Amino acid sequence: MIEAISAGFQTTVQDCGRFGLRRFGVTPGGALDSVSLRLANLLVGNRECMAGLEIASGRVRLKVSIDRLVAWTGGVFEVRIGDKLIPSLHCAHISGGGIIEVSPRLGGRVWLAISGGIDVPEILGSRATDLRARFGGREGRPLCDGDELPLGVESEICQRMRNEISDGISDWSASRPVAHGKFLRVIRGKNWNNAVGEQLLAQKFRVAMNSDRMGLRLEEGEIIRDNPQELVSEAVVPGTIQIPRSGAPLLLLGDCQTIGGYPKIAHVITVDFSQAAQLQPLDEVRFQLIELEAARELLLERERDIALFCTGLEARFG
């Protein structure tokens with residue numbers, strides 16, 4: 001069991017999301033940076049997409065009732081168990097009754113995995129919190145102080161990992177994909193044209209205060225559309241960049257709606273979702289165009305790296 005002594009401002013239970021339900025209006029949701037959650041899970045011996053915690057802001061203190069392994073990755077945070085600092089992308093042991101403390105330094109988001117995973121009920125095939133529809137996770141809402149979450153059963157790999165941690169922190173770790181500077185790479189969308197696209201690529205935008213898990217509203221830049229008329233609503237996905245009448249772009253994130261009527265001029269490539277998930281209000285961002293085939297190769301390379309890491313863990317602990 002985990003008890004949230006201090007839950008922060010928007011800590012939610014997330015896994016890799018719900019799939020195959022968009023035609024019913026159900027967003028995939030899940031961790032905004034699924035790669036970070038997958039790596040954290042692998043580090044503690046879990047299956048890649050088991051439920052963990054996404055921590056967005058505020059100081060979080062969690063009490064774990066039984067011995068477990070924990071790992072985290074994401075933004076610039078400080079994570080401690082007692083007085084011991086836990087580095088990102090390492091596995092650490094926490095004894096029953098121990099407290100994990102997560103404190104932001106430069107912010108962003110953090111994904112925390114615990115061996116056995118968080119064992120809240122599955123809804124529509126996932127334990128992820130859908131904040132808009134108010135289901136999944138802990139009653140479809142962020143955690144509150146005093147909330148308790150059940151933990152699942154550890155795997156045999158978890159047990160073997162614990163036996164190899166001599167001083168409480170593992171000597172094995174994972175590497176995090178390197179951020180691509182201040183740019184988010186995009187491919188052309190259905191409604192791309194050179195006049196509109198050049199405006200997107202030439203300007204620097206600032207993340208607005210009213211951004212959330214649904215999407216980032218971008219300001220301090222304006223895109224003038226040739227045709228200001230709205231379109232017939234059609235499918236949108238995380239990563240889609242839409243241009244409303246105001247000319248201020250919208251970058252959709254994991255909790256976005258399933259359809260929309262604004263022009264879709266571009267899509268952030270999948271490997272840059274991790275970088276997009278770390279953007280906070282007042283951060284600046286620019287876009288860089290790449291071709292679809294190049295985006296595909298980057299995704300394949302990332303998945304090969306994760307597969308290689310899995311192979312290494314299996315060779316050592318399998």
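The following refers to the structure shown. (Residues numbered from 1 in each chain as written. Predicted model: local features only at pLDDT ≥ 70, side-chain atom pairs only at ≥ 80, totals over all residues. Heavy atoms only, no water.)

Describing the state of the cysteines
Taken as a whole and judged by the stated rule, the model has 1 disulfide. Sulfur-sulfur distance for the disulfide between Cys16 and Cys49 comes to 2.2 Å. Because the torsion about its S-S bond is -85°, the bridge between Cys16 and Cys49 counts as left-handed. Taken as a pair, Cys16 in the loop between strand E2 (11-14) and helix H1 (34-43) and Cys49 in the loop between H1 and strand E3 (52-55) lie far apart in primary sequence, 33 residues in all. Its sulfur unpaired, Cys158 is 8.3 Å from the next cysteine sulfur, which belongs to Cys91. Exposure remark for Cys158: the relative accessible area of 0% places this residue in the buried category. (Disulfide = S-S within 2.5 Å. Helix = DSSP H or I, 4+ residues; strand = E, 2+ residues; numbered from the N terminus. Buried < 20%, exposed > 50% of the residue type's maximum accessible area, 1.4 Å probe, protein only.)

Observations regarding the pairing of strand E8 (residues 99-114)
Regular strands show a simple pattern: their side chains alternate between the two faces of the sheet. Here E3 runs beside E8; their pairing, made up of 3 bridges, is antiparallel. Of the residues in E8, the one forming a bridge with Leu53 is Leu112. Sheet analysis places strand E4 (residues 60-64) next to E8, joined by 4 bridges and oriented antiparallel. Within E8, the position partnered with Lys63 by the bridge is Ile99. By the bridge criterion, 11 bridges tie strand E5 (residues 68-81) to E8 in an arrangement that is antiparallel. (Pairing = 2+ DSSP bridges.)

Looking at the nonpolar core
Judged by nonpolar contacts, the single largest core of 29 residues is most densely connected at Leu53, Leu62, Val70, Ile100, Ile118 and Leu149. Elements supplying a minimum of two residues to this core: strand E1 (2-7), E3, E4, E5, strand E7 (90-94) and E8. Beyond its immediate sequence surroundings of up to four residues, Val70 is in contact with Val44, Ile81, His90, Cys91, Ala92, Ile94, Ile100, Leu112, Ala113 and Ile114. Of all hydrophobic cores here, the second largest spans 26 residues; its members include Leu184, Phe205, Leu279 and Val285. (Core = buried A, V, L, I, M, F, W, Y, C linked by side-chain atoms within 4.5 Å. Contact = heavy atoms within 4.5 Å.)

Quick notes on unusual backbone geometry
In the Ramachandran plot, Leu89 falls in the positive-phi region, its phi being about 65° despite a non-glycine side chain. Relative to the elements of secondary structure, Leu89 occurs in the loop between strand E6 (84-85) and E7. With a relative accessible area of 6%, Leu89 lands in the buried category. Phi at Glu220 takes a positive value of approximately 60°, unusual for a residue other than glycine. By the element assignment, Glu220 lies in the loop between strand E13 (215-219) and strand E14 (234-235). Judged by its relative accessible area of 54%, Glu220 falls in the exposed class.

With respect to the pattern of salt bridges
Within this structure, the stated rule accounts for 28 salt bridges. For Arg206, the salt bridge identified is with Glu219, shortest N-O distance 2.9 Å. With Arg206 in strand E12 (residues 205-207) and Glu219 in strand E13, this residue pair connects regions lying 13 residues apart in the sequence. Between Arg296 and Glu297 there is a salt bridge whose closest N-O contact spans 3.6 Å. For Arg296, a relative accessible area of 46% puts it in the partly exposed group. Relative accessible area serves as the criterion here: at 37%, Glu297 is assigned to the partly exposed category. It is possible to trace a salt-bridge network through shared partners that takes in Arg38, Glu48, Arg302 and Glu303. (Salt bridge = Lys/Arg side-chain N within 4 Å of Asp/Glu carboxyl O.)

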